[in-house]
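Listed below are the residues making up each chain.
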Amino acid sequence: MTGPASVSVPAAALSGRNGERLAIVGILLGLIIAWEVVVRGFDISPLIFAKPSDIAVAMVRGLRSGLYWEHLGITVLQMVIGFMIGASLGFALGVVISEFGRLGRLMFPYLVAIQSLPKVAVAPLIILWFGFGIESKIVVVALITFFPVLINTLSGLSIVDAARIDLMRIMLASRWQTFAYVRLPSAAPTIFAGLNVAVVLALTGAIVAEFVGAQRGLGVLVLQAQANLDTAAMFVILIFLAMIGLSANLGVRWLERRVIYWAQRRESEQ
Amino acid sequence: MRSAGSDESQARRHSEGGELSAVSPAINAARSLLEFSAVSHAYYGAHGEILALDRIDLAIRPGEFVAIVGSSGCGKSTLLRIASGLLAPTTGAALFDGDVVVRPRSDVGMIFQDAVMLPWFTVIENVTLPIRVALGDLAAARLEAARLLDLVGLAGFHDAAPSELSGGMRQRAAIVRALLSKPRLLLMDEPFGALDALTREQMNIELARIAEASGCAVLLITHSISEAVFLADRTFVMTPRPGRIAEEIAIPLARPRAAETMMSPDFAALCHRVRRHFQSGGAEA
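Residues numbered from 1 in each chain as written. Chains lettered and ligands numbered in written order. Predicted model: local features only at pLDDT ≥ 70, side-chain atom pairs only at ≥ 80, totals over all residues. Heavy atoms only, no water.

Participant: I keep staring at the overall build of chain B and nothing clicks. Help me out?
Facilitator: Along its length, chain B carries nine helices and ten strands. Across the 285 residues in chain B, those meeting the buried criterion constitute 56%. For chain B, the accessible surface area stands at approximately 11,700 Å², while carbon and sulfur atoms represent 54% of it. (Helix = DSSP H or I, 4+ residues; strand = E, 2+ residues; numbered from the N terminus. Buried < 20%, exposed > 50% of the residue type's maximum accessible area, 1.4 Å probe, protein only. Areas by Shrake-Rupley, 256 points an atom, 1.4 Å probe, with all protein chains shown as cover.)

Participant: What am I meant to see in the packing of helix H8 (residues 175–212) of chain A against helix H10 (residues 231–259) of chain A here?
Facilitator: Two quantities define a packed helix pair, namely the angle between the helix axes and the distance between the axes. Residue and element names in this part refer to chain A. At a minimum axis separation of 10 Å, H8 and H10 run at an interaxial angle of 160°. As the angle between them shows, H8 and H10 are arranged roughly antiparallel. Two packed elements cross with a definite hand, and for H8 against H10 that hand is right-handed. Along its contact with H8, which presents Phe192, Leu195, Asn196, Val199, Val200, Leu203 and Ile207, the element H10 presents Leu241, Ile244, Gly245, Ala248, Asn249, Val252, Arg253, Leu255, Glu256 and Val259. For the contact of H8 with H10, a count of residues per class yields twelve nonpolar, three polar and two charged. (Axes fitted to C-alpha atoms, helices over the stretch in contact; angles between N-to-C directions. Parallel < 35°, antiparallel > 145°, perpendicular 65-115°, else oblique. Left-handed = near helix turned anticlockwise from the far one by under 90°. Contact = heavy atoms within 4.5 Å. Nonpolar A, V, L, I, M, F, W, Y, C, P; charged D, E, K, R; others polar.)

Participant: Help me understand the sheet that holds strand E6 (residues 108–111) of chain B, please; the structure alone is not making it clear to me.
Facilitator: Within a sheet, adjacent strands bond to each other through the backbone by hydrogen bonds, running parallel or antiparallel. Residues and elements named next belong to chain B. The strand order across the open sheet formed by six strands is E6-E7-E8-E3-E9-E10, and the pairing between neighbours is mixed. Pairing within the sheet leaves two strands with one partner each, and these edge strands are E6 and strand E10 (244–250). Across the sheet, the mean angle separating the axes of adjacent strands is 15° when strand polarity is ignored. Contacts from helix H2 (residues 76–84) reach strand E3 (65–69), E6, strand E7 (185–189), strand E8 (217–222) and strand E9 (234–239), with the element oriented near 150° to E7. (Pairing = 2+ DSSP bridges.)

Participant: I would appreciate a short explanation of helix H9 (residues 265–275) of chain B in the present structure.
Facilitator: Because an α-helix completes one turn every 3.6 residues, residues spaced three or four positions apart along the sequence face the same direction. Residue and element names in this part refer to chain B. Of the residues making up H9, those classed as buried are Phe267, Leu270, Cys271 and Val274. For H9, the angular spread of the buried residues around the axis is 100°, confining them to a single face. Looking at the buried side of H9, the elements it contacts are E3, helix H8 (225–231), E9 and E10. (Arc of directions from axis to C-beta.)

Participant: Teacher, can you tell me more about the environment of A:Pro148 here?
Facilitator: All names here are of chain A. Looking at the secondary structure, you find Pro148 in helix H6 (residues 134–158). Relative accessible area serves as the criterion here: at 13%, Pro148 is assigned to the buried category. For Pro148 and Gln115, which are 33 residues apart along the polypeptide, the C-alpha to C-alpha distance reads 8.8 Å. Discounting residues that sit within four places of it in the chain, Pro148 has contacts with Gly194, Val197, Ala198 and Leu201.

Participant: I keep staring at helix H9 (residues 218–227) of chain A and nothing clicks. Help me out?
Facilitator: All buried positions along H9(A) are accounted for by A:Leu218, A:Gly219, A:Val220, A:Leu221, A:Val222 and A:Ala225. Just downstream of H9(A), A:Leu229 is the residue with a positive phi angle, here 55°.

Participant: I tried to follow the interface of chain A and chain B on my own but got confused; where do I start?
Facilitator: Think of interface size as the accessible area that goes away when the parts come together; that is how it is often given. Opposite the 20 residues of chain A that make contact, chain B presents 23 residues. With both chains or domains summed, chain A and chain B bury close to 2,100 Å², and 66% of this area falls on carbon and sulfur atoms. Per-residue buried area on chain A facing chain B is highest for A:Ile170, A:Met171 and A:Tyr181; these three make up 31% of the total on that side. Our enumeration of links across chain A and chain B arrives at one salt bridge. The closest approach of N and O atoms between A:Asp166 and B:Arg81, which form a salt bridge, is 2.7 Å. (Buried area = accessible area lost by both parts, 1.4 Å probe. Salt bridge = Lys/Arg side-chain N within 4 Å of Asp/Glu carboxyl O.)

Geometric values such as these leave the question of function open.
What follows is the structure in structure tokens.
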């Protein structure tokens, strides 16, 4: 944890995009150094606040021993499978409800009632039903990601550009063609906004479900580290979680740019 | 696909066309392509029932260019929606080829005030969309679309995003889209209303050329007097609230029409004749 190299960056390099990136890295390094200095300087107990150097050591040791990989893999797997199931079901039900208006009106009060319920509170019940294995975590993640995707699919599909619908009617388009060529692409940006929210919730859901009852996963490791008063290990896991969350978010955004290429195009012109 | 009747009217359009002035709206139903028969339309607004259209009788022959001029809110767009089958009239009926129009038809095209290009498709994908929707021959349609796009000055923009086009270019693409299905009637709802005056005049000259070449009948809704007179074989003046036909004016100007047409004294006289209906304001020159 030496090297104030970041301080000696020439000012000219700080202009423009690259400079901005360098500045962001510089701020991070600065914060880490300040953290190290403060913990050392004020002699704070390692039980309360671990030094960045201790965290780095714990991380390297854990990764070498292979301890973290298995748990990290389990958590990511639960999150990804749960997200895919929850998002697919949310999207599918959103389409069904918006296409069959009467069914939607009948179901809507129930959906609102379930949506206002904090899903993590249901986690103990789900663990009771599905056990301590990976299945119960997938169900919790699916449940927590289902609603933002459902609600955003519904609201996206409810945006109807009358002129575009008239155009499809003039072309004698079928219901399916109107959906595929106009309604779904019109709704896509709103649906992706829902996916962006859902992917963050997916990680929360996986960790909380692991807190409630699990044998493996990063949530279990956090609890173990807490029991062992191993603050450095807890920070290591938090770093992993931040990185998983960030990658998932970037992944969805990457997909969004691919799928909604026309929005990107419009943006870059302005 | 053109009937003998439309060929005949096509020939007439290219002649000096003076005999057109004798035609009355009570036209022989068998010869008309589109006919409004006592069409009335009412809707419920904030202050009760509003009569938008009051017993409109009007007939369009195959290949004929008819313009309806009226101030904003006179119900002329409603009339066009009834003709297209997008809207059912309260009473009366629109007849196409003698059949009551109850839904849109594949041989009637429509051009909206906004070009309505879908941003997720390229220009040529937008233009060929009606063929794709109708499950027609997409490869042939693309070739024909490419030819037509080149013809209206959109060469080099086939694979562009609609947002890369100006308003006038988008509207030209919309015209190509409507013509690609080879309609017998083209309904145009203030197609150049959103364009600036210079582009609009240029588009009028192009539309005159396209309509004369394609031979399909056109019903144009506009609030521009000069546009109606320049393009149409017959112009109807509509009064607002309730929408009624105030006068039918034959436009016996020579075809093909071009920029010079607008400088002739006959053109000015015809514009003046239409303008008299709007002395208290409303339509623009």
